[in-house]
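What follows is each chain in one-letter form.
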Amino acid sequence: MGIGELDREAHVPEGRPEGNGATAPPRTLAEALRARGDEGLAALLRARPDLLSPVPNDLTQLATRAGTRGSVVRALERLDRFALQTAEALAVAPDPAPYPVLLALLTGDEGDAEIEAALPGAVALLREQALVWGEDDRLRLVRTARELLAPSPQHPSPTGLGPTVAEATSGMSPGRVQELLAAAGLPATHDPVSAVAALTELFTHRTRMGALLDTAPPEALAVLDRLVWGPPYGEVTADPAPPVRWLRDRGLLLPVSPRTMVLPREVALHLRGGRVHRHPEPVPPRPAVLREYRPQVVDSAAAGQAYAALATVEELLKSWDRGGPPVLRAGGLAVRDLKRTAAALDVTEPVAAFWLELCHGAGLLASDGEADERYAPTPAYDDWLDLPPAERWARLVTAWLTATRTSGLVGGQDARGRTLSALGPDLDRAPAPEVRHRVLTLLAALPPGSAADPGTVLARLAWERPLRSAGAAAAAGPGGGRAASGAPQEPGGRQQGPYGSGGHGAPPYGSHGPAGHGPGGPAPDLRARIARWTLEEAELLGITGRGALSTPARALLNLPLAEAADPAGHAGEVELSVAAERAAELLAPLLPEPVDHVLLQADLTAVAPGPLLRPLADALAVLADVESKGGATVYRFTPGSVRRALDTGRTASDLHDFLAAHSRTPVPQPLAYLIDDVARKHGHLRVGAASAYVRCDDDTLLGEILADRRSASLRLRRLAPTVLAAQADPAALLDGLRAMGYAPAAESAEGDVLITRADAYRTPARTAPVPVPDGPPAPDATLLGAAVRAIRAGDRAATAVRKEPAAPAVAGALPRTSAAETLATVQAAALTGSAVWIGYVNAEGAASQRVIAPVRVEGGFVTGYDHTADEVRTYPLHRITGVAELADDQV
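Right, let's walk through the structure included here. Residue positions are counted from 1 within each chain, in the order its sequence is given. Residue-level local features of this predicted model are given only where pLDDT is at least 70; pairs of side-chain atoms are given and counted only at 80 or more, and the full residue set underlies all totals for whole chains, interfaces and linings. The side-chain figures draw on all heavy atoms in the structure; neither hydrogens nor water molecules are used.

Examining the nonpolar core
Inclusion rule: Definition of nonpolar core: a set of buried residues of the types Ala, Val, Leu, Ile, Met, Phe, Trp, Tyr and Cys, connected through side-chain atoms within 4.5 Å. Categorising residues by exposure relies on relative accessible area from a 1.4 Å probe, with only protein chains included: less than 20% of the type maximum marks a residue as buried, more than 50% marks it as exposed, and the intermediate range marks it as partly exposed. Strands here mean DSSP runs of E at least two residues long; helices mean DSSP runs of H or I at least four residues long; both are numbered from the N terminus. Contact definition: two residues touch when any of their heavy atoms are within 4.5 Å.
Counting 95 residues, the largest nonpolar core has Leu-33, Leu-45, Leu-62, Leu-76, Leu-199, Phe-203 and Leu-252 as its most contacted members. The biggest single contributor to this core is helix H7 (residues 81–92), with eight residues. Beyond its immediate stretch of four places on either side in the chain, Leu-199 contacts Val-165, Leu-180, Leu-181, Ala-184, Leu-186 and Arg-250. Ranked by size, the runner-up nonpolar core spans 69 residues in total, among them Leu-310, Leu-365, Tyr-381 and Leu-541.

Quick word on the environment of His-270
As for its placement among the helices and strands, His-270 is situated in helix H17 (residues 265–271). In sequence terms His-270 and Gly-210 are 60 residues apart; their C-alpha atoms lie 8.6 Å from each other. In this structure, His-270 is in contact with Phe-203, Arg-206, Met-209, Gly-210 and Leu-213, ignoring residues within four places of it in sequence.

As for helix H37 (residues 819–832)
Selection rule: Multiply 1.5 Å by the residue count of a helix minus one, and that product is the helix's expected span. This arc describes the spread of directions from the helix axis toward the C-beta atoms.
Over its 14 residues, H37 extends 20 Å from the first C-alpha to the last, a length consistent with the 20 Å expected when each residue adds 1.5 Å. Those residues of H37 not exposed but buried are Thr-822, Val-826 and Ala-829. All buried residues of H37 fall inside an arc of 60° around its axis, so they share one side. Away from its buried face by more than 90 degrees, H37 exposes Ala-820, Leu-831 and Thr-832. Along its buried surface, H37 packs onto strand S23 (836–841), strand S24 (847–858), strand S25 (861–866) and strand S27 (880–885). One or two residues past the end of H37 sits Gly-833, with phi positive at roughly 75°.

A look at the sheet that holds strand S15 (residues 605–608)
Test applied: Pairing between two strands requires that DSSP report at least two bridges joining them. Helix axes are fitted to C-alpha atoms over the stretch in contact, other axes to C-alpha atoms as well, and angles between N-to-C directions run from 0 to 180 degrees.
Reading across from one edge, S14-S15-S17-S16 is the order of the four strands in this open sheet, with antiparallel pairing throughout. Edge positions in the sheet fall to strand S14 (599–601) and strand S16 (625–628), since each has one partner strand and no second. Each strand axis lies, on average, 30° off the axis of its neighbour in the sheet, ignoring direction. In this sheet, S15 lies alongside S14 in antiparallel orientation, the contact comprising three bridges. Among the inter-strand pairings, Leu-600 is bridged to a residue of S15, identified as Ala-606.

Side note on the packing of aromatic side chains
How two aromatic rings sit relative to each other is given by the distance of their centres and the angle of their planes. Defined as follows: Here the aromatic set is Phe, Tyr and Trp, taking the six-membered ring for Trp, and pairing holds for ring centres within 6.5 Å; pairs whose planes are under 30 degrees apart are stacked, those over 60 apart are edge-to-face, and all others are tilted. Over a ring means this: the NZ of a Lys or the CZ of an Arg is within 6 Å of the ring centre and within 35 degrees of the ring normal.
For the structure on display, the rule yields three aromatic pairs. Taken together, a centroid distance of 5.0 Å and an interplanar angle of 55° make the contact between Phe-354 and Trp-355 tilted. On the accessibility criterion, Phe-354 (3% relative accessible area) is buried. Taking relative accessible area as the criterion, Trp-355 reaches 3% and is therefore assigned buried. On the basis of an interplanar angle of 25° and a centroid distance of 6.0 Å, the ring pair of Tyr-381 and Trp-384 is categorised as stacked. Taken together, the positions of Tyr-381 and Trp-384, both in helix H21 (residues 379–385) and three residues apart, correspond to about one turn of that helix. The exposure classification of Tyr-381 matches that of Trp-384, with both residues buried. The ring of Trp-384 has Arg-392 lying over it, and the distance from NZ or CZ to the ring centre is 5.4 Å.

Some points on the packing of H7 against helix H8 (residues 99–107)
Our working rule: By the definition used in this description, the sense in which the near helix is turned from the far one sets the handedness, with an anticlockwise turn below a right angle giving left-handed and a clockwise turn giving right-handed. In this count, Pro and Cys sit with the nonpolar residues alongside Ala, Val, Leu, Ile, Met, Phe, Trp and Tyr, while Asp, Glu, Lys and Arg are called charged and the others, Gly among them, polar.
Packing of H7 against H8 leaves a shortest axis separation of 10 Å and a crossing angle of 115°. The handedness of the crossing between H7 and H8 comes out as right-handed. Across the interface between the two elements, Phe-82, Gln-85, Thr-86, Ala-89 and Leu-90 of H7 pack against Leu-102, Leu-105 and Leu-106 of H8. Grouping the amino acids of the contact of H7 with H8 by side-chain chemistry returns six nonpolar, two polar and no charged.

Digging into the sheet that holds S25
Strand order in this open sheet of five strands is S26-S25-S24-S23-S27, and the pairing throughout is antiparallel. Of all strands in the sheet, those with a lone pairing partner are strand S26 (871–876) and S27, marking the two edges. When the angles between neighbouring strand axes are averaged without regard to direction, this sheet yields 45°. In this structure, S23 lies alongside S27, joined through five bridges in antiparallel fashion. Looking at the pairing, Val-836 lines up with Glu-885 of S27. Sheet strands in contact with H37 are S23, S24, S25 and S27, and its direction is about 65° off that of S24.

Structure representation (structure tokens):
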């Protein structure tokens, strides 16, 4: 948009007094904004925070910025479907459009009570966001929005309408226009302008237009019927069929190129019964209830799933205690490592990717930053383990709610065709937090215990943000179909438009919606995909139980806990951490209490009848292997697991005492024998560093090892009757002897047995990934108040009326007075308490105009209240270029 185009909407005529917009209709968008109160300006800045970066100097600059393409596109993105349909109707209406004309375009000839009830709210919303301005008798759509939404050959309108008769005939010869008049039964005119006006009047007159169509052949009406809802363009051959010729000769189809015809807008509106949209949607669809459960059942199911989520996270990170898989050179986790993780957790790969991204987003998992970079738990994981289970759950869920990393994208491809990997780059999607919160809020709007139909939830989201949710559908237009015989069509019968097959063309904002996202931007259905993932992930985390929102989740979202929850009825804006604490308090009684005992069985297994206390679980995980998980975890004791416990420094008697203290059943004899047998052999062989050696007091045992063919790879040789040397390192020698069935112990250089503790590998301190913001942050009340005051002050200074100078001055130039005149004028203003207009040049050489009320003039400085900055300031007199008094009605 050029300066001349902006002038009409943003320029304020010099000398127009403040407040005239309140009594006379506004002539510009700036005047309309000037007529608003402070609350109205604050509402605009709250709805469109991009207008605050930086804070505009005055209302003219605010209006100019509100009309820029980028800002208008962002505002259109956030409109609901009916508000957008209202803006689309204004884009095809006359400019300006009276309110009744707009209403008729939306309701049509038959009327619609729902549209009549909803339209005032939609117009008010568009006015609030400065997309529409003017009184009801002269509604104007901001020029940039009209350019984006109005039909054009390059960008078909979402309404499916084509150009007007005047636009379609702009390049037509005068003789051809007169031929159209004659064919339509109209008298000839003296000029093309009046001829086009006569043709337009015919097409917009209900009775006369109906009479003309009554004479049309049935085949011609069939052609119009297939073009009426769009796309309005179609290809024709050099010798079109008779029905098409009949329509072309009377201007019901107009040529836009030698082989392309278009249905004029006026004709389409007549055939539609005056309605712009085929399916107006003034009322948002409501999420439907799929199933109903008792709230207690939902809470119990959600609590069980929440506990399973905690167990899954612990199992995942515990398996990486010694260091996880390596980091790919391009970042992220290799596909084979994701498959191994999924197999270890017994889940699908997308679910495994979700748990990995959740741990990463919560700051529990990161790369270690070493040269041979690997993934490992962070120190924050140990702090997380020390929290009660309910608080651990709240920590995970709050991280999920605010994260912009989207695990559902894993396995897909970016704009360059590269596969997106778990924990890798390019997984951030800014709308994710807002979509998650909105989906859960919609679930909260249902009666407690009600599971929503996912399809209706997606339909509601698509209604609330149609340009973001269904960019592809919006681009496709509102309908259409195959043309009838003789209608403009392409080979095969499919209707053809000037922009490719189907005639849908591209949406007016590019292939990815109005944000104009380039490579790597969100796909048209991104919000719908995130919504589907949200429903699945909420169930995995225990936010929902059996598809219904749980009571702790309602508290986490800061929603009321009453029977009939209102999605807009927040219990008061509080910090997310406070809401998380409340949710944890509600979840804690629902989680199973940890137990301090197991049930030992004769088959060398132990059954944990519930979740174990952490010290008991950690000790038992060393002494036994997990065989199965579920409501009751089954542990199995093996020689290898017992040896693992002995390697930590425990003795056989320690293990016997431990099992006896924590088992509700007697220690089975086979288990006691297993412990004693492994302990008797444990440490009988000693392995040290030679590169490695084996020593044993029993030389017969060493001879047995030497004779065993399985020891050949260790390359052993006897150094002494009780010592064998090996060329393998100590770790490989230990593993080799254990694979042969022995139980060697490692020893230090001093000959002491080395005790291996279950110490975990941790990364250096890491911070959780920061979410990517979805546009500028929402301003708080303090910033809004300060911004409104600054804009008002700057506008008063910019629109103040000055007295005419004695000598003519250049328009827009700073006032010029001598030093003596400047000093005398500001001193007089300080005595009388009046305001003056000054020109000022700061130390950097930047010039500005200000309105100040001087209160003190001394020492070469003037101190006064600066209306432009809305504060008291001091200015050096030598930097004031000149001063002028304000007009009497401005004092």
